[in-house]
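Each chain is listed here by its residues.
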Amino acid sequence: MNWIKPRALQPGDLVGVCAPGGPVEPAALERGSQALRELGFEVRVAPGTLARTRFTAGEAGARRAALEAR
């Protein structure tokens, strides 16, 4: 099997954040996003990242759409 190794992230690169598995606390999301910004990355948080439906991170269809979005 041949592995494709992407280049390392560089300052200024875009890092996307989503939470398809479980709900995220807003303060934790902000701390993590800020840490990435301090490393020099641009941060884009997916719509619905803070959504919560019982014990999941929002409705299943919305989580799927967030993973499939480009």
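These lines cover the structure that appears in this document, whether it is placed above or below.

Conventions we followed
- Counting starts from 1 at the beginning of each chain's written sequence and moves along it residue by residue.
- For a predicted model such as this one, the threshold for reporting local features is a pLDDT of at least 70, and the threshold for listing and counting side-chain atom pairs is 80 or more; totals across whole chains, interfaces and linings nevertheless cover every residue.
- Processing note: side-chain calculations cover all non-hydrogen atoms of the structure and skip hydrogens and water entirely.
- Labels follow the DSSP assignment, with helices taken as runs of H or I lasting at least four residues and strands as runs of E lasting at least two, numbered in each case from the N terminus.
- As a reference, a globule follows 2.2 Å times the number of residues to the power 0.38, and the radius of gyration itself is taken over C-alpha atoms.
- Under the scheme applied here, a residue whose accessible area is under 20% of the maximum for its type counts as buried, over 50% as exposed, and between as partly exposed, the area being computed with a 1.4 Å probe on protein chains only.
- We call two residues in contact when some of their heavy atoms are within 4.5 Å.
- Each accessible area is a Shrake-Rupley result for a 1.4 Å probe, and residues are judged covered by the shown protein chains and nothing else.
- Lys and Arg are tallied as positive, Asp and Glu as negative. Neither His nor the chain termini are counted.
- Just so you know, the charge point we use is NZ for Lys, CZ for Arg, CG for Asp and CD for Glu.
- Contacts described as polar in this section are N or O atom pairs within 3.5 Å, which, within protein, must combine one atom able to donate a hydrogen with one able to accept it, while residues neighboring in sequence count only if both atoms come from side chains.
- Only buried residues count toward a nonpolar core. Its members are Ala, Val, Leu, Ile, Met, Phe, Trp, Tyr and Cys residues joined through side-chain atoms within 4.5 Å.

**Topic: the overall build of the protein**
Part 1 of the argument: When helices and strands are counted, the protein shows 2 helices and 2 strands.
Part 2 of the argument: In sequence order, the protein lays out its α and β elements as β-α-β-α.
Part 3 of the argument: Its C-alpha radius of gyration of 14 Å places the protein more than 25% over the 11 Å reference for a compact globule of 70 residues.
Part 4 of the argument: Projecting the C-alpha coordinates of the protein onto the three principal axes gives extents of approximately 40 × 35 × 20 Å.
Part 5 of the argument: Burial analysis of the protein (70 residues in total) assigns 20% to the buried set.
Part 6 of the argument: Within the protein, residue pairs in contact and separated by at least 24 positions form 69% of the contacts whose partners lie at least 6 positions apart.
Part 7 of the argument: Put simply, the protein shows about 5700 Å² of open surface, and 59% of that area lies on carbon and sulfur atoms.
Part 8 of the argument: Distance between charge centres in the protein, computed from 10 positive and 7 negative side chains, equals 6 Å.

**Examining the side chain of aspartate 13**
Part 1 of the argument: Within the secondary structure, aspartate 13 sits in the segment before β1 (14-17).
Part 2 of the argument: Aspartate 13 sits in the buried class, given a relative accessible area of 14%.
Part 3 of the argument: At a separation of 3.1 Å, a polar atom in the side chain of aspartate 13 contacts the side chain of arginine 7.
Part 4 of the argument: Each residue touching aspartate 13, except ones within four places of it in the same chain, is listed here: Arg7, Ala8, Phe41 and Glu42.

**Structural notes on the side chain of serine 33**
Part 1 of the argument: Mapped onto the elements of the fold, serine 33 is located in helix α1 (residues 26-38).
Part 2 of the argument: Serine 33 sits in the buried class, given a relative accessible area of 2%.
Part 3 of the argument: Excluding its chain neighbours within four sequence positions, the residues that come into contact with serine 33 are Val43 and Val45.

**Details of the nonpolar core**
Part 1 of the argument: Ranked by size, the top nonpolar core spans 5 residues in total: Val17, Ala19, Val24, Leu29 and Val43.
Part 2 of the argument: Apart from the residues within four sequence positions on either side, valine 17 is in contact with Leu29, Leu36, Val43, Arg44, Val45, Ala46 and Thr49.

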